[in-house]
Amino acid sequence: MDPNLLKQLRNALHNQTLLYVEDNVGLNANATQLFQKLFKTVYSAADGEEGLELYRKYHPTVVISDIKMPKMDGLAMAKEILNIDSETKIIFTTAYDEPKLLHKAIQLGAFDYLVKPMTIQNIVNVLQRYTQELYAQMHQKLFYTYLNNIFNYQQNLVLLLHQETVVMANQPCLEFFGAPNVETFQKRFLNFGELLLEHSGFLYNHDSIEWLQETKNNPGKLYNVKIADDKGESHHLVLNIQPIPNKAEYYVLSLNDVTELHLLKLFDANAMEREAIKRDKKALQGLFEMAKRNNAKIQIHNLYKGLSITNDGIIYEVEEDHISIKTTLMQIKAIQSERRLVLVSDIFPMFIESHDIQKLDFDEQTVRLGKCSMITTSPTRRQYIRVTVDESAKATLLYQGHKFDADITIIDISIKAARLTLSSLPAGFQVGSKVILDLVLGTPQQPLIVNTEAEVFRLSEQTRSYEAVFTYELHGPIYKYLVDYIAKRQMYLIREFKGMQYG
Amino acid sequence: MDKETQLYDDGVHKCIMFSLEDEAQEENSLSVNQFLLIQNNSALLIDPGSGGIFLELFDAISRHIDPQNIKYIFFSHQDPDVAGGIAEWSVATNAKLVVSGLWSRFMGHFGLVDSSRIIGLPDHGGRISFGHDFVQFVPAHFLHSPGNFSLYDSRSKILFSGDIGAAVLSPQNLNKRVDDFDSHRPFLESFHRRYMASNAFCRAWVREVRRFEINTIAPQHGSLFHGSNVEAFLSWFEELECALEHLEELYLPKISQN
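Note that the coordinates shown come from a computational prediction; the quantities given were computed from them, not determined experimentally.

(A) The interface of chain A and chain B, seen in detail. Chain A puts 27 residues into the contact, and the matching count from chain B is 24 residues. Summed over both partners, the interface of chain A with chain B buries about 2,100 Å², with 58% contributed by carbon and sulfur atoms. When the buried surface of chain A facing chain B is broken down by residue, I385(A), K480(A) and V483(A) rank first, second and third, together holding 23% of it. Here chain A and chain B share 1 salt bridge between them. In this structure, the salt-bridge partner of K480(A) is D59(B), at a minimum N-O distance of 2.7 Å. Within the residue set of the side of chain A that touches chain B, elements represented by two or more residues are β11 (298-304), β12 (307-318) and α14 (476-499) of chain A. It is α14(A) that contributes the most residues to the side of chain A that touches chain B, 11 residues altogether.

(B) Focus on the environment of K68(A). Residue and element names in this part refer to chain A. Note on placement: K68 falls in the loop between β3 (62-66) and α4 (74-84). Sequence-wise, K68 and E22 are 46 residues apart; in three dimensions their C-alpha atoms are separated by 8.9 Å. Ignoring any residue separated from it by four or fewer positions in sequence, one finds K68 in contact with D23, E98 and L101.

(C) Highlighting the pairing of strand β9 (residues 234-243) of chain A. Residues and elements named next belong to chain A. Where burial is concerned, most of β9 is hidden: 7 out of the 10 residues are buried. Alignment of strand β8 (residues 222-228) against β9, held across 7 bridges, turns out to be antiparallel. Looking at the pairing, L222 lines up with N240 of β9. Pairing between β9 and strand β10 (residues 250-257): 7 bridges, direction antiparallel. Residue pairing for β10: N240 is matched across the bridge by S254.

(D) Summary view of the packing of aromatic side chains. Considering all chains together, one arrives at 34 aromatic pairs over all chains under this definition. Ring geometry for F202(A) versus F267(A): centroids 5.0 Å apart, planes at 80 degrees, classification edge-to-face. In this pair, F202(A) is assigned in the loop between α9 (192-195) and α10 (211-217) and F267(A) in the loop between β10 and α11 (271-278), connecting sequence segments 65 residues apart. You'll find F202(A) and F267(A) in the same group, each marked buried. Seen in terms of ring centroids, Y399(A) and F429(A) are 5.1 Å apart; in terms of plane orientation they differ by 85 degrees. Their pairing is edge-to-face. In this pair, Y399(A) sits in strand β19 (residues 394-399) while F429(A) sits in the loop between β22 (417-422) and β23 (434-442), placing the two residues 30 residues apart along the sequence. The residues Y399(A) and F429(A) share a single accessibility class, namely buried. Its guanidinium or amino end placed over the ring of Y316(A), K326(A) lies 5.5 Å from that ring's centre, counting from NZ or CZ. Geometry around F134(B) places R127(B) over its ring, the cationic atom sitting 3.6 Å from the centre.

(E) A look at the sheet that holds strand β15 (residues 351-354) of chain A. Residue and element names in this part refer to chain A. Ordered in space as β16-β17-β13-β12-β11-β14-β15-β18, the 8 strands form an open sheet in which the pairing is antiparallel. The sheet is open, and its two edges are formed by β16 (357-361) and β18 (373-375), each paired on a single side. Sheet twist, expressed as the mean angle between neighbouring strand axes with direction ignored, is 35 degrees. Where β16 and strand β17 (residues 366-369) come together, 4 bridges link them in antiparallel fashion. Within β17, the residue paired with I357 across the bridge is L369. Along the sheet, helix α12 (residues 281-293) makes contact with β12, β13 (323-327), β14 (341-344), β15 and β18, crossing β12 at roughly 90 degrees. Strands in contact with helix α13 (residues 329-338) are β11, β12, β13, β14, β16 and β17; relative to β11, the strand with the most contacts, it is inclined by about 50 degrees.

(F) How the structure looks around the nonpolar core. Residues and elements named next belong to chain A. Counting 76 residues, the largest nonpolar core has I413, L441, F470 and L482 as the members making the most contacts within it. Sort the elements by how many residues they give to this core and α14 lands first, with 9 residues. Leaving out residues up to four positions away in the same chain, F470 has contacts with L397, K416, A417, A418, L420, F429, V435, L437, A454, E455 and V456. C173, F176, A179 and L341 belong to the second largest nonpolar core, which has 63 residues in total.

(G) Examining a nonpolar patch on the surface more closely. Residues and elements named next belong to chain B. Together, L244, L247, L250 and Y251 give the surface a local cluster of nonpolar side chains, amounting to about 410 Å² of exposed area. One can find L250 in the segment after α7 (228-238). Judged by relative accessible area, which is 35%, L250 ranks as partly exposed.

(H) View of the sheet that holds strand β5 (residues 112-115) of chain A. All names here are of chain A. The sheet built from 5 strands is open, its strands ordered β2-β1-β3-β4-β5 with parallel pairing. Pairing within the sheet leaves two strands with one partner each, and these edge strands are β2 (41-45) and β5. Neighbour-to-neighbour, the strand axes of this sheet turn through a mean angle of 20 degrees, independent of strand direction. With 4 bridges joining them, strand β4 (residues 89-94) and β5 adopt parallel strand pairing. Directly across from T94, in β5, lies its bridge partner V115. Here α4 sits on the sheet and contacts β1 (17-21), β3 and β4; the angle it forms with β4, its principal contact strand, is near 175 degrees.

Quick notes on the rules
Residues numbered from 1 in each chain as written. Chains lettered and ligands numbered in written order. Predicted model: local features only at pLDDT ≥ 70, side-chain atom pairs only at ≥ 80, totals over all residues. Heavy atoms only, no water. Contact = heavy atoms within 4.5 Å. Buried area = accessible area lost by both parts, 1.4 Å probe. Salt bridge = Lys/Arg side-chain N within 4 Å of Asp/Glu carboxyl O. Helix = DSSP H or I, 4+ residues; strand = E, 2+ residues; numbered from the N terminus. Buried < 20%, exposed > 50% of the residue type's maximum accessible area, 1.4 Å probe, protein only. Pairing = 2+ DSSP bridges. Phe/Tyr/Trp six-rings, centres within 6.5 Å; stacked < 30°, edge-to-face > 60°. Lys NZ or Arg CZ within 6 Å of the ring centre and 35° of its normal. Axes fitted to C-alpha atoms, helices over the stretch in contact; angles between N-to-C directions. Core = buried A, V, L, I, M, F, W, Y, C linked by side-chain atoms within 4.5 Å. Patch = residues over 30% accessible without salt bridge, like charges linked within 9 Å, V, L, I, M, F, W, Y side chains within 5 Å. Areas by Shrake-Rupley, 256 points an atom, 1.4 Å probe, with all protein chains shown as cover.

So, in structure tokens, the structure goes:
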């Protein structure tokens, strides 16, 4: 036999107590000796009566017992024991020629049996099964204790779901929905989707969205929801579903009530209302507070020479006049270089921008922001990657058949558009005007020439010049060469950015 | 050998395999496969490979769908023959790039510092549902990369297994299908025995993928397993002894102190 096996068994059983009941004196002595090597304590008895007495006194976790014995037999004793504690594991020792007794033992709820004469091998096999059972039970118990702890220390409304059924719900949850117990709440939960009220940007059931499917598909994502309590008052809550690892189809659903932050209006589709509240400093603070309380993942966007640099962060401090965010070193470097940033989160109704960078801490990986403001379009979130071009790059324009004579510089380009600065504009030049755009990119040894029809997409007046965005549709090899150019340029800018010094 | 093979088409859902070789690797053919799933007007691209084949693959895809409609690009792991072209693909499309969370912060080295473009998969994987169909990212860690996933497509019942099942020099690679598992097996053995971490991971992966009904296993190198060869491969892989089981071949024995 594998000596490791006995060692493993001893490890698993060293804090367990055994009651061994056997009327054969010789066998009892021998087997007890063996069991003592494995268990913390072994109580041995010569018949059922004595066994029961020892059980009542010491409450051992496992019982190994003969069936046929004087005074009280093993079955009668087991019945009494299971009446006291149905969790006790009872293993009978029995001969092959006693199938009826074995059958009775099974009916009684015996954990297992050992065929006589017992060998070390079959004792080990049975005890191994027992330790496996112990292990599984312990895990189950730990799992529920753990959940109970989480549930009861939470002020959030928390429920445990198995598929679509509520297994557990904490007290705050029952109180919120005015349910006296989990069973009542379970019934109400069947139509939970109907409780989610319609609100702009919020999660509720409609044509293309079924709330449970949506949240299960996006574990960990935060959703704004509006729910009426049992008094009919609307509450603003942040909902989040997390699957439980290693437990298929088990989810923890939590709802954090943020009604007192008065943010509902901020999500209103009504633009007038929104504009008014946008100027409200308190509303912004409320948003940050909501993100902080829910540990919401926010994205921080920056640009470096057109290159979009984005990393996750969290808001970890919200004060009257400033907030602090924690993010990656790379992002802090990008913020340092750009002196501004844009914050984006699933649970924010708008983008948030700040130019007021008060403190950068590279050791703590934090950034302190003063004044922030809400913006509806983010200048850093882009559909296509845009990069600034190399120094020798040039652009020329052909408008109404004439080469346009002005100073032209390229600000940045993507595969769909180029942004240029023009020192002056030709007459009649406006949004929608068609031009021929000629770009010479790359090195003089290996130039990339893009010659294409383009359209003025946006036009704005700067102090001494104009900024124009031209869009184009490239096809064939030139499209791919431009992709290649932008990809290489991007790589170059990343290296350049990474090479910059901190502080 | 055809550079393009249609693996599945039911009118709504399509799967195409491209077999484009990186020219830099021409002399030692790696028999690389790239896969494209198309449903309606959206596409998912699987293991598009290095920057060296970007232009050719881009062209090949364009014959089936506008590359702008690629919604997701999945990289089974971080190797350059799988993910080397990330910079090009991130510029050419606005697809979300799906990769193990373990590698997402390394993407800067491949040319991407915009984490909003990346979906970092947690170790247990994940699922993207579309209607009744779904694709499932199945954990395949340490087979061979520590952050590695296979992808199962519920509609075509194809399991895209990345490096698992890869064989580079098998004569059966010429038509990209395993006709005779027993004669293909020696070409699997040398690679898997050295690259895969341990039999424990092989078993765990087989247990994971057996949850799904699989018609085809499509590795990133070499031939595909169809029909009864799927089970033949899974049974073989489940019993495979790999690096840990042959530790003595990789490390010198312990020096005796006596």
